[in-house]
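Listed here are the chains, written in short residue letters.
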Protein chains: 2
Amino acid sequence: MADKEPQQPEELPIVLVHRLPSFKIPSDPSFRDQLRSQFHMLDPHESPEPYDSFLARHAPFIRVLMTIGPSPISAEFLERLPVLELIVATSAGLNHIDLPACWRRGIVVTNASLAFAEDVADCAVGLLIDVLRRISAADRFVRGRLWPVKENYPLGFKLGGKRVGIVGLGSIGSEVAKRLSAFGCTIAYTARNKKQSVPIPFYANVRDLAANSDVLVLCCALTKETYHFVNKDVMVVLGKEGVIINVGRGSLINEKELVQCLVGGEIGGAGLDVYENEPNVPKELFGLDNVVLSPHSAPATPESFEAVLQLTVGNLKAFFSNKPLVSVVSNE
Amino acid sequence: MADKEPQQPEELPIVLVHRLPSFKIPSDPSFRDQLRSQFHMLDPHESPEPYDSFLARHAPFIRVLMTIGPSPISAEFLERLPVLELIVATSAGLNHIDLPACWRRGIVVTNASLAFAEDVADCAVGLLIDVLRRISAADRFVRGRLWPVKENYPLGFKLGGKRVGIVGLGSIGSEVAKRLSAFGCTIAYTARNKKQSVPIPFYANVRDLAANSDVLVLCCALTKETYHFVNKDVMVVLGKEGVIINVGRGSLINEKELVQCLVGGEIGGAGLDVYENEPNVPKELFGLDNVVLSPHSAPATPESFEAVLQLTVGNLKAFFSNKPLVSVVSNE
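Cut-offs and rules
Residues numbered from 1 in each chain as written. Chains lettered and ligands numbered in written order. Predicted model: local features only at pLDDT ≥ 70, side-chain atom pairs only at ≥ 80, totals over all residues. Heavy atoms only, no water. Helix = DSSP H or I, 4+ residues; strand = E, 2+ residues; numbered from the N terminus. Rg over C-alpha atoms; globule rule 2.2 N^0.38 Å. Contact = heavy atoms within 4.5 Å. Areas by Shrake-Rupley, 256 points an atom, 1.4 Å probe, with all protein chains shown as cover. Lys, Arg positive; Asp, Glu negative; His and termini not counted. Charge placed at Lys NZ, Arg CZ, Asp CG, Glu CD. Core = buried A, V, L, I, M, F, W, Y, C linked by side-chain atoms within 4.5 Å. Buried < 20%, exposed > 50% of the residue type's maximum accessible area, 1.4 Å probe, protein only. Least-squares fit on C-alpha atoms with pLDDT ≥ 70 in both. Pairing = 2+ DSSP bridges. Axes fitted to C-alpha atoms, helices over the stretch in contact; angles between N-to-C directions. Expected span 1.5 Å × (residues − 1). UniProt positions renumbered as here; feature names shortened; annotations may be inferred. Salt bridge = Lys/Arg side-chain N within 4 Å of Asp/Glu carboxyl O. Domains from an automatic or database assignment. Buried area = accessible area lost by both parts, 1.4 Å probe. Polar contact = N/O pair within 3.5 Å; in protein donor to acceptor, adjacent residues only side chain to side chain.

Asker: Explain the overall build of chain A to me, using residue names and the numbers behind them.
Answerer: When its secondary structure is counted, chain A shows 12 helices and 11 strands. Compactness check: chain A gives a C-alpha radius of gyration of 22 Å against a globular reference of 20 Å for 332 residues, within 12% of the reference. Counting only C-alpha atoms, chain A reaches 70 × 45 × 40 Å along its principal axes. Within chain A, residue pairs in contact and separated by at least 24 positions form 62% of the contacts whose partners lie at least 6 positions apart. Counting only carbon and sulfur atoms, one obtains 54% of the accessible surface of chain A, whose full area is about 14,500 Å². Within chain A, the 37 negative side-chain charges are centred at a point lying 4 Å from the centre of the 33 positive side-chain charges.

Structure below.
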């Protein structure tokens, strides 16, 4: 490309930027610049024209939409884009998009799980080690100058040998499994469907998986079926020493029951990156030493944002040159 | 053994318990009971007889000594045990034992690295993920109720792709290498000697390793040669984004220079389980968010204590039945 003249925006393929006004395109301005050098990015929030008028005027030409973060895409919104063919999502989870409405319209959706998978898996493993070995709590103990006073900090638990149940064996869950195997954990999983090519033991539902696990790692999509599917019943069968790691979405767990189970000792601990009502975290958790609280930062590193850029550009370029998309979300 | 009558203590092989009065045999009383059922454990601190008199009276029969925690064993102390043949240490590090004095006398020493290796390696990896991804700092951010106020917590760094230099590739270092390989890190090491059977790149000294690494993980023995061998020079070549994890001994690092480098931004962060003057931690570290402070608890889980018991009993039984010892410390 270096030897070509830069293309004028009107010659570039059109991509609608879909975002809540509060979601800026990226923290990294180069993300925006790189997209703009290759695509004509239409951002209604940057136009002085009223939103509805802007959208109506451009809608006949919008085949592709890029959605930033969890900006909602409803069936009603899709009706305003009659020739839309592709939604490129910059997030891993897609619970903000009405996927059945997309499938009905034949709109293809790509997500960014691939770009985030390693970082999210790293964070899941970090949270698990932290909860079991009480790293953050012991750090508070040291910073509180309690070590010289109270001598030893209470023991944690060994990671090796733990039976880890992975809920959702997609790109993130697979990376979690790879990492935890190296620590000597035994791995099992549940998912919508058994993966025939995967030699890991499968359980048909999260309750059966919990009954046979010491740890649950949630890294599945939030859907109607998975909403609140980790409830008190699942936590009770996981048991009093059981640990839940959630790097998926807050509403995979019934948060009220999670708080009750943690406060009441029905489970042993939790490492949470996501919550039902972010950025609000149940205040009952703030006093617990068997809980590690992360502010939805599992996917957030400069490296993963660069990977999202590459994946986003890759999907857009593939679409406009009629090549196979990089990260299509399966409709099953 | 179940069908035999229990042996009387005087028929059991004699083992001297060596400990500072402040080091109780174990937090778990069953450790003591299991040892006592198989060996005649002589503990001077449990006898009403004055220590020197107790030791002098029993010394002619003491072939084996079990040392608890970091209770010092000096050359002078060894002179009081003329027939001593074996020291069974319940710790991984042996800097509290005058090993050259042991070698001169032909006294064999066993340690407990094998029993602690997995837990220490887990903790090292946990500290590294925590420092890179800011888990403890972000947990403080959430507990301080800052998430709704400040929106995002600053980004951390990706673990995958980092060049990790392992200092000391013994049982602990090898477990660290195995784990971090699964995260996509590239591994190199330094050690007293290059290990011919190990395919990992070797550097002859810690400075060269630091110059070619993003992360240093210290899990070697503290000796005259390794005392303060991680100094400001090594930290400067590690670089401004470099991270040091120390699960070895505090004095492997010049702690004063470490504090200067962390405060001055000469290195990027540190995860510390050990310190030069435990339980005292340099107070300058308490305000830093790129540091995770653990109270020498890397080896501390119920599972590793059970493993220490098994290893200790295994070494003692092997000695008294003339079988090969389980975990002899090499004299090189």
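Asker: Which residues make up the nonpolar core, and what are the values?
Answerer: Core analysis: the biggest nonpolar cluster contains 107 residues, and A:Leu180, A:Ile245, B:Leu180 and B:Ile245 have the highest contact counts within it. Not counting residues up to four positions away in its chain, the partners in contact with B:Leu180 are B:Val125, B:Leu128, B:Leu159, B:Val164, B:Cys185 and B:Ile187.

Asker: How would you summarise the relation of the copies chain B and chain A if you had to cite specific residues and measurements?
Answerer: Rotating chain B by 180° and moving it 0.0 Å along the rotation axis overlays it on chain A with an RMSD of 0.0 Å. What the rotation and shift describe, once combined, is the action of a two-fold rotation axis. Judged by C-alpha distance, B:Ser136 is the residue of chain B that lies nearest the rotation axis, at 2.4 Å. Interface overlap between copies is the fraction of interface residues in one copy that are interface residues in the other; for chain B against chain A it reaches 100%, indicating a shared surface.

Asker: Can you lay out the sheet that holds strand β3 (residues 64–67) of chain A for me, pointing to particular residues and giving the numbers?
Answerer: All names here are of chain A. Across the sheet, which stays open at both edges, the five strands sit in the order β2-β1-β3-β4-β5 with parallel pairing between neighbours. Since the sheet does not close on itself, it has two edges, and those belong to β2 (40–42) and β5 (108–110), each with one partner. Ignoring strand direction, the axes of neighbouring strands in this sheet form an average angle of 25°. Here three bridges tie strand β1 (residues 14–18) to β2, and the two strands are oriented parallel to one another.

Asker: Report on helix α12 (residues 302–320) of chain A, specifying residues and quantitative values.
Answerer: Residues and elements named next belong to chain A. Counted at 1.5 Å a residue, the expected span for α12 with its 19 residues is 27 Å, and the 27 Å between its end C-alpha atoms agrees. Taken together, the buried positions of α12 are Ser304, Val308, Leu309, Leu311, Thr312, Val313, Asn315, Leu316, Ala318 and Phe319. Immediately beyond the C-terminal end of α12, within one or two residues, lies Asn322, with a positive phi of roughly 55°.

Asker: Give a detailed account of the UniProt feature "domain: D-isomer specific 2-hydroxyacid dehydrogenase catalytic" (unreviewed entry) in chain A, specifying residues and quantitative values.
Answerer: Taking the numbering used here, the UniProt-annotated feature "domain: D-isomer specific 2-hydroxyacid dehydrogenase catalytic" (unreviewed entry) corresponds to residues 54–329 of chain A. Taken end to end, residues 54–329 of chain A is 37% helix and 13% strand, and its two terminal C-alpha atoms sit 29 Å from one another.

Asker: Can you break down the pattern of salt bridges residue by residue, with the values?
Answerer: Oppositely charged side chains may form a pair once their charged atoms are brought near each other. Summed over the entire model, instances satisfying the criterion amount to 36 salt bridges over all chains. Residue A:Arg163 pairs with A:Asp214 through a salt bridge whose shortest N-O separation is 3.0 Å. Of the two residues, A:Arg163 is situated in strand β6 (residues 163–167) and A:Asp214 in the loop between α9 (206–211) and β8 (215–218); the sequence distance between them amounts to 51 residues. Taking the relative accessible area as the measure of exposure, A:Asp214 reaches 23% and is therefore partly exposed. In this structure, the salt-bridge partner of B:Arg179 is B:Asp122, at a minimum N-O distance of 2.6 Å. Taken together, the residues B:Arg179 in helix α8 (residues 171–181) and B:Asp122 in helix α5 (residues 113–133) connect sequence positions 57 residues apart. Residue class for B:Asp122 comes out buried when judged on its relative accessible area of 0%. Residues joined by salt bridges that share partners form a network here, namely A:Glu118, A:Asp119, B:Arg133 and B:Lys158.

Asker: Residues and numbers for the domain arrangement of chain A, please.
Answerer: All names here are of chain A. Here chain A is partitioned into domain 1 (9–111 + 301–320) and domain 2 (116–293). The C-alpha-based centres of domain 1 and domain 2 are spaced at 33 Å. With nine residues of domain 1 at the contact, the number on the domain 2 side is five residues. For the pair domain 1 and domain 2, the two sides together bury roughly 610 Å², of which 61% comes from carbon and sulfur. Considering only the surface of domain 1 that becomes buried against domain 2, Ala92, Asn95 and Ser304 emerge as the three largest contributors, covering 57% of it. Along the contact surface separating domain 1 from domain 2 lie zero salt bridges.

Asker: Which residues make up the sheet that holds strand β11 (residues 291–293) of chain B, and what values do they have?
Answerer: Residues and elements named next belong to chain B. Reading across the sheet, the six strands line up as β7-β6-β8-β9-β10-β11 and stay open at both edges, with parallel pairing between neighbours. Bordering the open sheet on either side are β7 (186–190) and β11, each of which pairs with just one other strand. Between one strand and the next, the sheet's axes are offset by a mean angle of 15°, whatever the strand orientation. The sheet contact formed by strand β6 (residues 163–167) and β7 spans five bridges and is parallel. In the sheet register, Val167 faces β7, and the bridge partner there is Thr190. Here α5 sits on the sheet and contacts β8 (215–218), β9 (243–246), β10 (269–272) and β11; the angle it forms with β9, its principal contact strand, is near 150°. Docked against the sheet, α8 engages β6, β7 and β8, running at close to 170° with respect to β6.

Asker: Give a description of the interface of chain B and chain A that names residues and reports values.
Answerer: Taken residue by residue, the interface counts 57 residues in chain B and 57 residues in chain A. In total, about 4,700 Å² of surface goes out of reach between chain B and chain A, with carbon and sulfur atoms giving 62% of it. Broken down residue by residue, the surface that chain B buries against chain A is led by B:Arg133, B:Arg143 and B:Trp147, which jointly contribute 17%. Between the two partners, chain B and chain A, sit 10 salt bridges. With a shortest N-O distance of 3.0 Å, A:Asp139 and B:Arg140 are connected by a salt bridge. Viewed at the interface, chain A and chain B are joined by 21 residue pairs in polar contact (both at pLDDT 80 or more). Of all the elements in the fold, those that place two or more residues in the side of chain B that touches chain A are α5, α6 (135–143), α7 (147–150), α8, β11 and α12 (302–320) of chain B.

Asker: So what's going on with the UniProt feature "domain: D-isomer specific 2-hydroxyacid dehydrogenase NAD-binding" (unreviewed entry) in chain A? Which residues, and what values?
Answerer: As recorded in UniProt, the sites labelled "domain: D-isomer specific 2-hydroxyacid dehydrogenase NAD-binding" (unreviewed entry) are residues 125–298 of chain A. The annotated region residues 125–298 of chain A carries 32% helix and 14% strand content, and the separation between its end C-alpha atoms amounts to 10 Å.

Asker: Describe the environment of B:Leu42, and please don't skip the residues or the numbers.
Answerer: Residues and elements named next belong to chain B. Within the element layout of this structure, Leu42 appears in strand β2 (residues 40–42). Leu42 sits in the buried class, given a relative accessible area of 6%. Taking the C-alpha atoms as reference points, Leu42 and Leu155, 113 residues apart in sequence, are found 55 Å from one another. Once you skip the residues sitting within four places of it in the chain, Leu42 turns out to touch Ile14, Val15, Leu16, Val17, Phe54, His58 and Ile62.

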